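Read off the chains here:
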Amino acid sequence: MTVNMTKGQKISLSKADGGTLTAVRMGLGWQAAPRRGLFGSRTREIDLDASAVLFADNQPVDVVFFRHLTSDDGSVRHTGDNLVGGAGQGGDDESIIVDLQRVPVHVDQIVFTVNSFTGQTFAEVQNAFCRLVDETNGQELARYTLTGGGPYTAQIMAKVQRGTGGWSMTAIGTPANGRTFQDLIPAILPAL
């Protein structure tokens, strides 16, 4: 059963049967919003990019994004860059797979971000979401819908965090500005 998350909400990533998740996929989907013009409405392609920043003791130690598709230890993998989006109705345009059992013990948080590499704002995006899926069986665990559009070019979406009881996910939903994950580090730090 999917949990529709709200900003700031935290959920455990333990399975309902008491087991623990071994691998999750953070999926991102979006569509370009139609714009009214002189000759009717039209859409412009939007290149959103998903990134995963791995943290140890509040310090970034690795990143997975369209130019570095696999973390140095191999535990986090980006499935590839989508330059136009379009699924937005439930399918993932970009995905990042996390093998929770292989994440090095010193990594205690993985923060997922989305940014507009081409600089369009979220006012030009519709039906955007991120979702967490149990990679072993395809079951959607949680979904966070990006709402509000706005004049920003990025969003700190969510994080998975290691605790004494296992992994949990928190929806962050903080708007930011930047074309790459490097631009977003100052906006990520308060969410750790």
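None of these values were measured; they are calculated from a predicted model.

1. Remarks on the overall build of the protein
- Within the protein, the secondary structure is distributed over one helix and 14 strands.
- Counting only residues that meet the buried cut, the protein has 53% of its 192 residues in that class.
- Considering only intrachain contacts with a sequence separation of at least 6, the fraction spanning at least 24 residues in the protein is 69%.
- Accessible surface computed for the protein: about 8800 Å², of which carbon and sulfur atoms make up 50%.

2. Structural notes on the sheet that holds strand S6 (residues 48–56)
- If you walk across this open sheet you meet the six strands as S2-S14-S13-S10-S6-S7, and the pairing is antiparallel. If you trace the sheet from one side to the other, it starts and ends with strand S2 (10–12) and strand S7 (59–64), each paired once. Neighbour to neighbour, the strand axes of the sheet diverge by 25° on average, direction disregarded.
- Here S6 pairs with S7 via five bridges, running antiparallel. Bridge pairing links Leu 54 to Asp 62 in S7.

3. Observations regarding the environment of Phe 55
- You can see Phe 55 is positioned in strand S6.
- Judged by its relative accessible area of 0%, Phe 55 falls in the buried class.
- As a C-alpha pair, Phe 55 and Ile 110 span 55 residues in sequence and 6.1 Å in three-dimensional space.
- Not counting residues up to four positions away in its chain, the partners in contact with Phe 55 are Pro 60, Val 61, His 106, Val 107, Asp 108, Gln 109, Val 111, Ile 185, Ile 188, Leu 189 and Leu 192.

4. As for the pairing of strand S14 (residues 166–176)
- A large share of S14 lies buried, amounting to eight of its eleven residues.
- Direction of pairing for S2 relative to S14: antiparallel, over a ladder of three bridges. From the neighbouring strand, Ser 12 faces S14, where its bridge partner is Ser 168.
- Note: strand S13 (residues 154–163) against S14, nine bridges, orientation antiparallel. Counted as the bridge partner of Lys 159 is Thr 170 from S14.

5. Looking at unusual backbone geometry
- The backbone of Asp 57 shows a phi angle near 50°, a positive value even though the residue is not glycine.
- Here Asp 57 shows up in the loop between S6 and S7.

6. Let's talk about the pattern of salt bridges
- For the structure on display, the rule yields three salt bridges.
- Between Arg 131 and Glu 140 there is a salt bridge whose closest N-O contact spans 2.9 Å.
- Since its relative accessible area comes to 17%, Glu 140 is described here as buried.
- With a shortest N-O distance of 3.0 Å, Glu 140 and Arg 143 are connected by a salt bridge.
- Looking at Arg 143, the relative accessible area reads 17%, which means it is buried.
- A cluster of three or more residues bridged by salt bridges with shared partners is formed by Arg 131, Glu 140 and Arg 143.

7. Some details on the environment of Val 63
- Mapping Val 63 onto the fold places it in strand S7.
- The exposure class of Val 63 is buried, given its relative accessible area of 11%.
- What Val 63 contacts, discounting residues up to four positions off in sequence, is Ala 52, Val 53, His 68 and Phe 181.

About the criteria used
- Residues numbered from 1 in each chain as written.
- Predicted model: local features only at pLDDT ≥ 70, side-chain atom pairs only at ≥ 80, totals over all residues.
- Heavy atoms only, no water.
- Helix = DSSP H or I, 4+ residues; strand = E, 2+ residues; numbered from the N terminus.
- Buried < 20%, exposed > 50% of the residue type's maximum accessible area, 1.4 Å probe, protein only.
- Contact = heavy atoms within 4.5 Å.
- Areas by Shrake-Rupley, 256 points an atom, 1.4 Å probe, with all protein chains shown as cover.
- Pairing = 2+ DSSP bridges.
- Axes fitted to C-alpha atoms, helices over the stretch in contact; angles between N-to-C directions.
- Salt bridge = Lys/Arg side-chain N within 4 Å of Asp/Glu carboxyl O.

So, to be careful, I would describe these as geometric facts and stop short of saying anything about function.
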